[in-house]
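Observations on the three-dimensional arrangement
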Amino acid sequence: MFLVQFAGLNHLSFDPASTESLGLGSTAGPRVSNSPAEDGSDPGKRKRSSIPPDGGGNLSLDSIPMGLPMSDPSAWATAMNNLGMAPMGMTGQPLLPDFDPALGMMTGIPPINPMMPGLGIVPPPIPPDMPAVKEIIHCKSCTLFPPNPHLPPPATRERPPGCKTVFVGGLPENGTEQIIMEVFEQCGEVIAIRKSKKNFCHIRFAEEFMVDKALYLSGYRIRLGSSTDKKDTGRLHVDFAQARDDLYEWECKQRMLAREERHRRRLAEERFRPPSPPPVVHYSDHECSVVAEKLKDDTKFLEAIQTLLTWIERGEVNRRTANNFYSMIQSANSHIRRLVNEKAAHEKEMEEAKEKFKLALSGILVQFEQIVAVYHSASKQKAWDHFTKAQRKNISVWCKQAEEIRNIHNDELMGIRREEEMEMSDEEIEDPSEMKETEESALVSQVEALKEENDSLRWQLDAYRNEVELLKQEQGKASRDEDTTKEQQMKLLQQALQGMQKHLLKVQEEYKKREAELEKVKEDKLKIETLLENLKEQQSMADEEDKEGDAADCQGNESSMSRVCACSQEKECPVEKTLTNSPVKSEREVLLVGIISTFLHVHPFGASIEYICSYLQRLDSKICTAEVEVLMTRLQNTFRQELSGVGASLEKRWKFCGFDGLKMT
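Rules used throughout
Residues numbered from 1 in each chain as written. Predicted model: local features only at pLDDT ≥ 70, side-chain atom pairs only at ≥ 80, totals over all residues. Heavy atoms only, no water. Patch = residues over 30% accessible without salt bridge, like charges linked within 9 Å, V, L, I, M, F, W, Y side chains within 5 Å. Areas by Shrake-Rupley, 256 points an atom, 1.4 Å probe, with all protein chains shown as cover. Salt bridge = Lys/Arg side-chain N within 4 Å of Asp/Glu carboxyl O. Helix = DSSP H or I, 4+ residues; strand = E, 2+ residues; numbered from the N terminus. Buried < 20%, exposed > 50% of the residue type's maximum accessible area, 1.4 Å probe, protein only. Contact = heavy atoms within 4.5 Å. Pairing = 2+ DSSP bridges. pLDDT = per-residue confidence, 0-100. Axes fitted to C-alpha atoms, helices over the stretch in contact; angles between N-to-C directions. Parallel < 35°, antiparallel > 145°, perpendicular 65-115°, else oblique. Left-handed = near helix turned anticlockwise from the far one by under 90°. Nonpolar A, V, L, I, M, F, W, Y, C, P; charged D, E, K, R; others polar.

Some words on a nonpolar patch on the surface
On the surface, Leu591, Ile595, Tyr615 and Leu619 cluster together into a nonpolar patch covering about 370 Å² of accessible area. Among the elements of the structure, α14 (587-602) and α15 (609-619) are those that each provide at least two residues to the nonpolar patch. With respect to the element layout, leucine 591 can be found in helix α14. Leucine 591 gets classed as exposed once you look at its relative accessible area, which sits at 53%.

Shown next, in the form of structure tokens:
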């Protein structure tokens, strides 16, 4: 409990820790202090009724005894006004229709909480700029404490359509369905509660707006009784839940609304639908006479002929009524001449309108021709030089627009004339009997058309004559200036031609020189090819001679060795071996051995066969790796192969060992 001190009042004269002075434990309700006159105390110190600081959370309309006479409506209204409630009479009617709950007489008392037990009051709309203030809610078995107002509002999921079920989490472990019902039945009628073994449950309400009231409790701390055990406390988390029953009811409601909307649209369409024609009356002698009179009237003929058609289709014609129907058909036939005459009159009016249109169009074309002629004459040099650039531009644009419009109207007029000619030809084919009547009108129209064409051609000739005269005058004036300019242009052209001729001669000479150079290059190429062939032949011959010389040398050495062997056998034996088993077979291999020895002497740590071959291929591209490797393996006393590196970096390297081999041999 909290101790509340109101502004302008003394401290409350009761012990906040004890509930006996307030009467909270009894059903008689809280006690009301006596008035100063009854106690005999100081009249300057008044006491108010003991009201709990949570805004009357433990008050209920059924258990609070009022110490006011029920027959006095003004006292009843004053008491309810002090509590911040709308004054209601005993019959349920408002005593003050324009009551404002914010204008209570007791300042410092907050308005009644809508979640108070026993009060089904819908909270008034809260302005968006004013934060909602949550207060302590007291129930019979538990107490709800509001969350910190400075914390952000609890997060919620998107509201499912037609949601009437909420998820409630953070319940105490000792919470029962009775406690849950006691807390959430204040929000509205609870249909079902599905409680889990864990600390959450699902609650289904009767209406959708009750879910909003239940969400108001999200974030509240709940405590069962006065216990502070963790199993008796928890923090409520209320959120929307998706249930199939809610979705099914929402879909049913939507279908019902759709049916109502379709019914409403159907009614609106029927309201705006045009009325159906009146039904045709059945045949009788009287109706027959009425229809016969209507058939004779031109204004009512359409209605009467429709009725006659309906009777004939119904099968009303028989032997008795045949004469009446024949008379009606005869009167209907009499309207054919009238209709033909009306058609002819309309055709005549249409032809007259066409003639008027043609005359007006021809007059418009004449005016367009004159306007175009004005533009053309203004664009002549005689008048053109006196206009500014902007004026010239406008005149040229206007001239183009006028010519386009004139051509369009001229094409339209020619199309009308072609249509008339086609109609005349069709009429001649279809109605040869009426050719004589139409010949005169066709001739008249042709004469008028020829006159119009003659006039237009005459105006065009006049315009052309004027243009020719102006051109002659301009040419006479400009001929003198043109002669001087032409002479200058001729001189420039002659000079340009001479320069072009000289350039062509130079190009021809260069071409001849290039041809001679090409011929020389071709001859040199042939000579080089012949020399290469001769060199190849000589090289092949030299190789053969070397082989023969080697063979002869070997034979001579053997003979000499046999001779020397008698003198010193020990010294000549190794020489014989080297001569007979020589690994070098040609002069080319000797050169290769010398180059490789020089290369490896520069690389004392050895080199791979690829590195050696890359160096040799720079000197001779015909050298291959296999040839070099075979040659080096034959010369074991000159070259030695070693393995260097460990593991994946193992590599074969060749080293020069000629100095060591010389000592060994």
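Overview of the environment of histidine 282
Positionally, histidine 282 belongs in the loop between α5 (244-272) and α6 (285-296). Residue classification places histidine 282 among the exposed residues on the basis of a relative accessible area of 60%. Distance from histidine 282 to threonine 310, taken between C-alpha atoms, is 9.4 Å for residues 28 residues apart in sequence. If near-sequence neighbours (up to four positions away) are discounted, histidine 282 is found in contact with Glu287, Trp311 and Arg314.

Details of the pattern of salt bridges
Throughout the structure, instances matching the rule amount to 19 salt bridges. Taking the shortest distance from any N to any O, the salt bridge between arginine 338 and glutamate 342 comes out at 3.0 Å. Of this pair, arginine 338 and glutamate 342 both sit in helix α9 (residues 335-378), separated by 4 residues, roughly a single helical turn. We classify arginine 338 as partly exposed; its relative accessible area is 21%. A salt bridge links glutamate 589 to arginine 634, with the nearest nitrogen and oxygen atoms 3.2 Å apart. Here arginine 634 lies in helix α16 (residues 625-634) and glutamate 589 lies in helix α14, a separation of 45 residues in the sequence.

Some details on the sheet that holds strand β7 (residues 233-235)
Reading across from one edge, β1-β2-β6-β7 is the order of the 4 strands in this open sheet, with antiparallel pairing throughout. Every interior strand has two partners, whereas the edge strands, β1 (137-138) and β7, have only one.

Overview of the confidence of the model for the protein
Confidence in the prediction of the protein, expressed as mean pLDDT, is 75, and 72% of residues score 70 or more. Every residue in residues 1-72 scores below 50 in pLDDT, and together they form 70 contacts with partners more than four places removed in sequence or on other chains.

Observations regarding the packing of helix α7 (residues 301-314) against helix α8 (residues 322-333)
Two elements in contact, α7 and α8, have axes separated by 11 Å at closest approach and are oriented at 140°. By the angle between their directions, the pair α7 and α8 is classed as oblique. The crossing of α7 and α8 is left-handed. Contact residues: α7 offers Phe301, Ile305, Leu308, Trp311 and Ile312, while α8 offers Phe325, Met328, Ile329 and Ala332. The residue inventory of the contact of α7 with α8, partitioned by class, reads 9 nonpolar, no polar and no charged.

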